[in-house]
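Structure at a glance
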4 protein chains.
Amino acid sequence: MTELPLSQDQIEELNAAQADALDDDYASLGRQLARRGIAIKAIRDGVAGFSVAIPSWGAGRGGTRFAKFPIAGEPTNIHEKLADCAVVNQLSRATPRVSPHFPWDKVSDYAALREEAESLGLGFDAVNSNTFQDQPGQPHSYAAGSLTANDVAVRQQAIDHNIECIEIGRQLGARDLTVWIGDGTNFPGQQDLTRSFDRYLDSASQIYRALPDDWRMLIEHKLFEPAFYSTVISDWGSSILAAQELGPKAKCLVDLGHHAPNVNIEQIVARLHRFGKLGGFHFNDSKYGDDDLDSGSINPHQLFLVFNELIEAERNNPGDFAPAYMIDQSHNVTDPIESMIASAESIVAAYAKALLVDRAALHLAQERNDTMMAFQTLRQAYRTDVTPILAKARAEAGGAIDAIAAYRASGWRDRKAQERTKVGLGAGIV
Amino acid sequence: MTELPLSQDQIEELNAAQADALDDDYASLGRQLARRGIAIKAIRDGVAGFSVAIPSWGAGRGGTRFAKFPIAGEPTNIHEKLADCAVVNQLSRATPRVSPHFPWDKVSDYAALREEAESLGLGFDAVNSNTFQDQPGQPHSYAAGSLTANDVAVRQQAIDHNIECIEIGRQLGARDLTVWIGDGTNFPGQQDLTRSFDRYLDSASQIYRALPDDWRMLIEHKLFEPAFYSTVISDWGSSILAAQELGPKAKCLVDLGHHAPNVNIEQIVARLHRFGKLGGFHFNDSKYGDDDLDSGSINPHQLFLVFNELIEAERNNPGDFAPAYMIDQSHNVTDPIESMIASAESIVAAYAKALLVDRAALHLAQERNDTMMAFQTLRQAYRTDVTPILAKARAEAGGAIDAIAAYRASGWRDRKAQERTKVGLGAGIV
Amino acid sequence: MTELPLSQDQIEELNAAQADALDDDYASLGRQLARRGIAIKAIRDGVAGFSVAIPSWGAGRGGTRFAKFPIAGEPTNIHEKLADCAVVNQLSRATPRVSPHFPWDKVSDYAALREEAESLGLGFDAVNSNTFQDQPGQPHSYAAGSLTANDVAVRQQAIDHNIECIEIGRQLGARDLTVWIGDGTNFPGQQDLTRSFDRYLDSASQIYRALPDDWRMLIEHKLFEPAFYSTVISDWGSSILAAQELGPKAKCLVDLGHHAPNVNIEQIVARLHRFGKLGGFHFNDSKYGDDDLDSGSINPHQLFLVFNELIEAERNNPGDFAPAYMIDQSHNVTDPIESMIASAESIVAAYAKALLVDRAALHLAQERNDTMMAFQTLRQAYRTDVTPILAKARAEAGGAIDAIAAYRASGWRDRKAQERTKVGLGAGIV
Amino acid sequence: MTELPLSQDQIEELNAAQADALDDDYASLGRQLARRGIAIKAIRDGVAGFSVAIPSWGAGRGGTRFAKFPIAGEPTNIHEKLADCAVVNQLSRATPRVSPHFPWDKVSDYAALREEAESLGLGFDAVNSNTFQDQPGQPHSYAAGSLTANDVAVRQQAIDHNIECIEIGRQLGARDLTVWIGDGTNFPGQQDLTRSFDRYLDSASQIYRALPDDWRMLIEHKLFEPAFYSTVISDWGSSILAAQELGPKAKCLVDLGHHAPNVNIEQIVARLHRFGKLGGFHFNDSKYGDDDLDSGSINPHQLFLVFNELIEAERNNPGDFAPAYMIDQSHNVTDPIESMIASAESIVAAYAKALLVDRAALHLAQERNDTMMAFQTLRQAYRTDVTPILAKARAEAGGAIDAIAAYRASGWRDRKAQERTKVGLGAGIV
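Every chain is numbered independently, its residues counted from 1 as its sequence is written. Here the convention is simple: chains get letters from A, ligands get numbers from 1, in the order in which they are written. Owing to the predicted nature of the model, reporting of local features is limited to residues with pLDDT of at least 70; listing and counting of side-chain atom pairs is limited to 80 or more, with chain, interface and lining totals taken over all residues. Hydrogens and water are ignored here; the side-chain numbers use all heavy atoms of the structure.

This part covers the relation of the copies chain D and chain C. Alignment of the copies relies on least squares applied to C-alpha atoms, considering only residues that score at least 70 for pLDDT in both. Aligned on chain C, chain D shows an RMSD of 0.0 Å; the corresponding rotation is 180° and the shift along the axis is 0.0 Å. Put plainly, the chains are arranged around a two-fold axis. Contact criterion: two residues are considered in contact whenever any of their non-hydrogen atoms come within 4.5 Å of each other. Comparing interface residues between copies, 100% of those in chain D also sit at the interface in chain C, which points to an isologous, same-surface contact.

Next up on the list: the packing of helix α6 (residues 193–209) of chain D against helix α7 (residues 236–246) of chain D. Residue and element names in this part refer to chain D. Structural elements are reduced to axes, namely lines fitted to C-alpha atoms, with helices fitted over the stretch in contact, and the angle between N-to-C directions of any two is expressed from 0 to 180 degrees. A run of H or I in DSSP counts as a helix once it spans at least four residues, and a run of E counts as a strand once it spans at least two, with each numbered from the N terminus. Interhelical geometry of α6 versus α7 gives an angle of 50° and a closest axis separation of 10 Å. When the axis of α6 is compared with that of α7, the two are oblique. Of the two possible hands of crossing, α6 and α7 adopt the one that is right-handed. Judged by residue contacts, Phe197, Tyr200, Leu201, Ala204, Ser205 and Tyr208 of α6 engage Ser238, Ala242, Glu245 and Leu246 from α7. Residue polarity is assigned by list, with Asp, Glu, Lys and Arg as charged and Ala, Val, Leu, Ile, Met, Phe, Trp, Tyr, Cys and Pro as nonpolar; anything else, Gly included, falls into the polar class. Its residues assigned to classes, the contact of α6 with α7 shows 7 nonpolar, 2 polar and 1 charged. Orientation is classified from the angle alone, with under 35 degrees giving roughly parallel, over 145 giving roughly antiparallel, 65 to 115 giving roughly perpendicular, and any other angle giving oblique. A crossing counts as left-handed when the near helix is turned anticlockwise from the far one by less than a right angle, and as right-handed when that turn is clockwise.

We now examine the sheet that holds strand β10 (residues 250–255) of chain B. All names here are of chain B. What makes two strands pair is DSSP finding at least two bridges between them. A sheet is described by the order of its strands in space; here 7 strands give the open sequence β3-β5-β6-β8-β10-β11-β12, paired in parallel fashion. Each of the sheet's edge strands pairs with one partner strand only, and the pair in question is β3 (101–102) and β12 (324–327). Along the sheet, helix α8 (residues 265–274) contacts β10 and β11 (278–283); its crossing angle with β11, the most-contacted strand, is approximately 155°.

Between 30 and 60 degrees the pair is tilted, below 30 it is stacked and above 60 it is edge-to-face, where a pair is any two Phe, Tyr or Trp rings, Trp via its six-membered ring, whose centres lie within 6.5 Å. Summed over all chains, the structure comprises 80 aromatic pairs over all chains. Summarising the aromatic geometry, the rings of Phe283 of chain C and Tyr325 of chain C are spaced 5.7 Å apart at their centres and angled 40° between planes, so their arrangement reads as tilted. In this pair, Phe283 of chain C sits in strand β10 (residues 278–283) while Tyr325 of chain C sits in strand β11 (residues 324–327), placing the two residues 42 residues apart along the sequence. On the numbers, 6.2 Å between centres and 85° between planes, the contact of Trp104 of chain D with Phe132 of chain D is edge-to-face. Taken together, the positions of Trp104 of chain D in the loop between β2 (97–99) and α4 (110–119) and Phe132 of chain D in the loop between β4 (127–128) and α5 (152–172) put the pair 28 residues apart, joining distant regions of the chain. Throughout, exposure labels follow a simple rule: accessible area from a 1.4 Å probe, protein chains only, divided by the maximum for the residue type, with under 20% read as buried, over 50% as exposed, and the rest as partly exposed. Accessibility expressed as a relative area gives 28% for Trp104 of chain D, which makes it partly exposed.

Residue and element names in this part refer to chain A. Counting buried positions along strand β7 (residues 216–220) gives 5 out of 5 residues, so the element sits mostly inside the fold. Burial along β7 is two-sided: Arg216, Leu218 and Glu220 and Met217 and Ile219, pointing in opposite directions, are all buried. Pairing geometry for strand β5 (residues 176–179) and β7, over 4 bridges, is parallel. By the bridge assignment for β7, Leu177 is matched with Met217.

Least-squares fitting of chain B to chain C yields an RMSD of 0.0 Å, with the superposition described by an axial translation of 0.0 Å and a rotation of 180°. When the interface residues of chain B are mapped onto chain C, 100% of them are again interface residues, pointing to one common binding face.

UniProt positions are given in the numbering used here, feature names are shortened, and annotations may be inferred rather than shown by experiment. In the numbering used here, UniProt assigns the feature "domain: Xylose isomerase-like TIM barrel" (unreviewed entry) to residues 102–293 of chain A. With 36% helix and 15% strand, the stretch residues 102–293 of chain A has end C-alpha atoms that lie 23 Å from each other.

Turning our attention to the interface of chain D and chain C. On the chain C side, the residues contacting the 40 residues of chain D number 40 residues. Buried surface at the junction of chain D and chain C, both sides included, amounts to about 3,400 Å², of which 45% is carbon and sulfur. Two parts placed together each lose some accessible area; with a 1.4 Å probe, that loss summed over both constitutes the buried area. Looking only at chain D, the three residues that lose the most surface to chain C are Asn262, Met372 and Arg383 of chain D, adding up to 18% of its buried area. Just to be clear on terms, a salt bridge is a Lys or Arg side-chain nitrogen sitting within 4 Å of an Asp or Glu carboxyl oxygen. The interface formed by chain D and chain C holds 8 salt bridges in total. In this structure, Arg35 of chain D engages Asp25 of chain C in a salt bridge whose closest nitrogen and oxygen atoms are separated by 2.5 Å. Within 3.5 Å is the distance limit for a polar contact, defined as a pair of N or O atoms, with the added protein rule that one can donate a hydrogen and the other accept it, and that residues adjacent in sequence qualify only through two side-chain atoms. The tally of links from chain D across to chain C stands at 26 residue pairs in polar contact (both at pLDDT 80 or more). Contributions of two or more residues to the side of chain D that touches chain C are made by α1 (8–35), α9 (300–316), α10 (336–356), α12 (371–383) and α14 (403–410) of chain D.

With that settled, the discussion passes to the nonpolar core. What is meant by a nonpolar core is a set of buried Ala, Val, Leu, Ile, Met, Phe, Trp, Tyr and Cys residues, joined one to another through side-chain atoms within 4.5 Å. With 527 residues, the main nonpolar core has Phe307 of chain A, Phe307 of chain B, Phe307 of chain C together with Phe307 of chain D as its most contacted residues. Contacts of Phe307 of chain B, omitting those with residues within four sequence positions, involve Phe50, Phe283, Tyr325, Ile347, Ala350, Tyr351 and Ala354 of chain B.

Right, let's talk about helix α11 (residues 359–367) of chain A for a bit. In an α-helix, one turn spans 3.6 residues, which is why side chains three or four residues apart end up on the same side. Listing the buried residues of α11 of chain A in full gives Arg359, Leu362, His363, Ala365 and Gln366 of chain A. Buried positions in α11 of chain A, seen along its axis, are confined to an arc of 160° and lie on one side of it. Seen from the open side of α11 of chain A, the exposed residues pointing more than 90 degrees away from its buried face are Ala360 and Glu367 of chain A. Turning to α11 of chain A, the residues buried within the fold contact α9 (300–316), α10 (336–356) and α12 (371–383) of chain A together with α6 (193–209) of chain C. At the C-terminal side of α11 of chain A, Asn369 of chain A shows a positive phi close to 55°. The directions from the helix axis to the C-beta atoms form the arc being described.

As structure tokens, then:
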């Protein structure tokens, strides 16, 4: 039986106070969209059917190499993280799955963990392996690489860990393994750029072979950090070539912050889908590097353009289209629950706006080389305020019209600050 | 007597067909804003009082070093350019001033030109000098620099040209001189980086001395292009130090596309204002370099954040706040009139959204370190669809509710294609 | 019979004056290299066997969209360009092939042109097609794209032009067709990002089918310019996927200035070779975008690291290794002949330094995770001054020890300034 | 009495084995330079007089937010760090000063610490304050900023800490205070961009007032990290304006990795000197962001161009020229002692090459607009292998000809691995 963490009565009460205003906004928007030939109900249904996973580690406060500033009441284990994720989902009704990370989320009984999640209204999404850190007691160090290390014993340890993650994931009901490695170099010459890639392919193929038939292996590329001269899987080119070598279950995962400056990410999305390799997303935003900021906080238009490609992709080739959507952010200066609520809303808003695009008009303008009309067709959708649609869909599903206000009203964090173990200072790694 | 280029009756007719829909949207938004404590009329008044200048050269089709693809009916002299600018202003009612460029817009009688503009409902904005190209018959070449050239005769020619621009500007009713130079180097060692800056100061101070008391000299920096190793006035740091050396009439002009990748332009705006040196803007958008794309087409959120700083700046120090706003774009793939209409609308929309920010709530959240609320305060304003406000303000002033549709309905370009001289192919400079 | 443009006697005379100094430097370096286990003669032989093609258009002064500043005596047709290229090769003895560009280099009799080149000691390298500009009298415009245009007639024209280039190339003795298109968009929505790529593949496959069996089609990617929102073949990922679709004769060409900021180009080189698709290079240097500066002038270390990968690639898989090397620069502020001489020297120097790398030591250090020694092995090679080796190889082949000094001594440009048609001002395309 | 950590006899012995080879190389280079009109002895004297400080924290292994991989024998307190720094200086004879960081290097008796350093042949350089991390027991958190925080108590704590650093520095014989703050925002709206800068000026002026007359306050700017939307002191413009406000003892410090992509750092150096505000350097190298890689490992040519500006600056205005040179790197994958030795050598090499520039020829070429000769004058200096000069200067001062080989031969790290406390795993802050 599901037992959600917050008082559903309080949520309903708060919603009731806002219902009239929302009804007015929703009806007004409905009339406007009807004039544009769009049934608001269809968009609302689309929104109601959309969801994005949240990462277990996202429930804790993040930091940089310089410092981490903990907040009172932040979670210190997977059970507390699940509770916080359940708060996010209860209010937003858009984040019903949690993506776990191992060994961070290790427990002794995964069947029990799955039940615990289910009782909170949550399921499990892609499992994330970790071979970019050493764990206490670990026989071999990843100091000189993991899946691409020169030392075969190191590679085997990293392979085994990934296979263990698959096994845990099966117990949790997951069907994707996300593989991100930090392997790379800080100096020209440190590694042979080709041999390290070949070692990657060799290691990855062993993980691939352990993958159940209905699973996917999601390969995540990243331009830099923690490696600062070269990274083995640095860009979508390396990622897709690796995925092609590995086989049909291998797909590419796009993290919005893992690209070179100025790159057109929405075109990368289109290319990956064109070649049948679009596997999933790590949503976040960034201004400089892998800043892991809240989705849509810096460049909401880019997020819209990404979803515009996703809608095109789905319509052009629906059979092959099932990307895993996940938030991957580092909440350094906010309450992580608030950031996940707000980020989920930004992502759903981008999706809703992409649904609003008049595709017939867009395609016609494209065919006629009518650049201004093609652009204005996108722009008309982008500038529409879809807040009422999202709020309606949320409230109808039991969530809060104003989710952050409802969270604040609940007193959740203060209560947890009393109950939970204190987190120590993060001294930074300079 | 003003004689606008398009049929005002046709505009009114088109507006009439859209009036009911607009009234509904406007009233709905009014109710929503009222619930947020904002009087829609105040925003509409703000919008009605806002304008942005357009560049005479923006009326022609632009290009790249690889090619220019002309369109039929594009203007080939300042008179035709003024006519096109008048079309933009008649429809948008937001672009009542034209920024001329010399020697491109040279005529024999500037008093007559000013009258011609006035009869089209236009005035003149900042005068732009050109010392980045050689003109036929010009005694000295700018091949090795202009205001910073080693050769004193070259520098004098460039100084004289700027002083001549001031003189022309006086006749046209302008009060700003915008100085952008392409001076810089393509090779390490080509010039001494300090001595070339000193020569700039020396030349600029001679121009400054010729400036009437109520004029400003707007210094425009640019990171690169046409110089590809170093540029003398490359960034806002060089620009503000030069402006400080020159005196109070020297100010800095920000072109949104003239910065290094990732740079926070809105903070630069805040800094320039903090030190009393914010002189003006060249609006455009860009993804890679000085792409000169339509304002707001790539990153409308950034444009909003810039205007958010401008509103803060104005409120913090209104006496000193009078930036010159201008569009500066290269319309390579669209009809320039359509791009200027759409760009002006994007700019006005960003301004309107910045007016919507609940500044009391913002400042309170900032003081309380309530990061999420501070951000949400901006975001609430940004996501509001201000289209009805802009359309109302436009229609009320005599412009078109749907300005691009009205332009297309007017048949202006086709008519001009019959009347105007054909433009030759731009072969490109590779 | 070969008749080189400059007086060989004068070159020999100048060399004679420098011979003793060179002998001392060469002998000293030989002793140092011998202590490092390297035979200087082997490096010199490697250098003597290395060459790089120069572009016919590189013989003229380049420019930007803002201006072009011509120099007296620059060439205005393919015959004069060949003469200038012959000067470069006579002095550098490293640039025996010229890469032509059509329609710029069109003549009525290609057999005669080939003979003319041969008489100057030159052959022809990769043929470059041009579908990024409209030519006078051309039936269809490339304003809305070429190989990827919506209009089938435009695509056919672009395909036909490429096939014509192959035919011309056969007559000139070339065996590579380099295809660079400027196709892309300036606005989100302007084109469907996938459909335009599909049209590219369709068009390119028709060109591919016209390719003789011993030819290669070199696909050149570029991040931006002339398109500023998206480019169809924007990065190596799009390039290699296209090359894979087209077939074994399709390869990827790397222009050093066509990448996003910060990208690790040497790793891209390694990846392309790993997948059998490294086809060639356009050498130049850049600091900001596609600056087309002289090779090695901004980042000579990067050029060395690229050649380090090339040597690794050649040794790992010699059968498949035959990249086409070409200079592709825009000489905006120098005498193009001097820039081509200096650039060729920079490229040969990078190659020579890469030959100096102690690969056994490098691989051993890599295997041992001895990062510092691996790096120092590269660094020892890089910091070696290979000037004496290059000068010896050059002089031995008939070139000049100090090629730029010899060029200046020859008076070539002044003579041509008397003989050749004057070039008009390039007014710029703003 | 000085007691250096390594056996001086062993160093001499190793040098003896390499002396003949070095003599040959040195003599050969001497003849070559003589032919270029340069006395090698003068360069060697310049090199002998040059030094760069090393950071105490640089002696430990660095890391990223993802992980830190410690090495056996790394130092865990200031005493061990000083010993390691003494090793670097004994071998390189170029790093006689250590830059301390507080509170990391806190001890109870600074007079004793100074003596301890002196006995190791070391002095103290600029003192670094730390207000980017919270320390155990600290009354106020820097979670929402330090010198720019809203809360006056937080600001006062940060001010007091800086004043305490000055006091400690006096006892240690330092005369510079380096102030780097991580203050900034992750969200638009989080702080008012102007008010936070004003708070910075207010706080900094209080520190400035506590500065002894013969001290300097070095203001360090940084584009991003740990703040990812805006940083209060983000660029040289903000830095120099702050320094101007504060007064003549306030200067700007340039960290080579703290700039936006593509920016011309050597020009920034020239500008800061031009306005009397060049205070010092943090040397390192980077490819992507603040990568803190070994100096000269990625772009040695840029390092040379920076020193070229420094030599120009010194010659143009010697009275005002005394920048503090310091290495600031994060040694994540190497033995920090080896990285500091190699980095010091790269820096000295860049300095030596800048000394080799024929400045009369350079200036003449610049005046004549002879771009190619100006560039070639720099390039001739850059490509010269100055290794023999550095080795001679080092050996003459008691250092090692091959410093890394001598370090390895000494067995220092293995010995320390036996003696020193083990460092725990750095778990990373994600």
